[in-house]
Amino acid sequence: MSSPPAPSAAKTLFEKIIAREIPATIVHEDDLCIGIRDINPTAPVHILLIPKKPMPRLCDAVPEDQALLGHLMLKATAIAEAEGYGDAYRLVVNNGAAAGQSVFHLHLHIIAGRPLKWPPG
Ligand code: 5GP
């Protein structure tokens, strides 16, 4: 059983982007989430879809988050389609530092625009 990161009163990087305190290229925004281009893209399309509710990791989601998580999946698909890659895209959630997570505010990576090998590294 993993324990969540220590709670912090400080805003996450993504909360600051949502609040327009840090600039980002925004490709989508609605009441529940924001989509921004990754600052260090790994593919021609690399968008981060971020819930406005700042849960640290996917494993911190609770049953009340079910609709929000579904919204993110459907919105990610719509964004991939809008970017021209509705037929071939990858959604990634890194959960925990050992899985590659570096920003502890849940986000989906939407990656497309080049051949994507499996398994990922
Ligand atoms: P993680 O490693 O947590 O799964 O993904 C965090 C992502 O956030 C990385 O792909 C990284 O490039 C991206 N990132 C980090 N800082 C910034 C930033 O200030 N702006 C944007 N747009 N992306 C960022």
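In this report, we go over the structure that sits alongside the text. (Residues numbered from 1 in each chain as written. Predicted model: local features only at pLDDT ≥ 70, side-chain atom pairs only at ≥ 80, totals over all residues. Heavy atoms only, no water.)

## A word on the site of the ligand
Residues in contact with the ligand amount to 16 residues; listed here are only the nearest, Asp 38, Asn 94, Gly 100, Ser 102 and His 109. Separating an oxygen atom of the ligand from a backbone N or O atom of Val 103 is a distance of 2.9 Å. In this structure, His 109 approaches the ligand through a side-chain N or O atom, which is 2.8 Å from an oxygen atom. For the ligand, whose unbound accessible area comes to 520 Å², protein coverage reaches 83%. Those elements that provide at least two residues to the shell around the ligand are helix 1 (13-18) and strand 2 (33-37). Counting residues per element, the shell around the ligand draws most heavily on helix 1, which supplies three residues. (Near = heavy atom within 4 Å. Polar contact = N/O pair within 3.5 Å; in protein donor to acceptor, adjacent residues only side chain to side chain. Areas by Shrake-Rupley, 256 points an atom, 1.4 Å probe, with all protein chains shown as cover. Helix = DSSP H or I, 4+ residues; strand = E, 2+ residues; numbered from the N terminus.)

## Observations concerning unusual backbone geometry
Trp 118 connects to Pro 119 through a cis peptide bond whose omega is 0 degrees. Structurally, the position occupied by Pro 119 is in the segment after strand 5 (108-112). Of note, the phi angle at Arg 20 is positive, near 65 degrees, even though the residue is not glycine. Within the element layout of this structure, Arg 20 appears in the loop between helix 1 and strand 1 (26-29).

## A few points about the pattern of salt bridges
Opposite charge on two side chains permits them to pair, given that their charged atoms come into close proximity. A full pass over the atoms with the stated rule returns six salt bridges. Between Lys 11 and Glu 21 there is a salt bridge, and its shortest N-O distance comes to 2.4 Å. Taken together, the residues span a long stretch of sequence, with Lys 11 in the segment before helix 1 and Glu 21 in the loop between helix 1 and strand 1 at a distance of 10 residues. Assessed through its relative accessible area of 39%, Lys 11 is described here as partly exposed. Where Arg 20 meets Glu 29, a salt bridge forms, and the shortest distance between an N and an O atom there is 2.6 Å. Take Arg 20: its relative accessible area is 47%, and that puts it in the partly exposed class. Since its relative accessible area comes to 34%, Glu 29 is described here as partly exposed. Each of Arg 20, Glu 29 and Lys 52 takes part in a single network of salt bridges with overlapping partners. (Salt bridge = Lys/Arg side-chain N within 4 Å of Asp/Glu carboxyl O. Buried < 20%, exposed > 50% of the residue type's maximum accessible area, 1.4 Å probe, protein only.)

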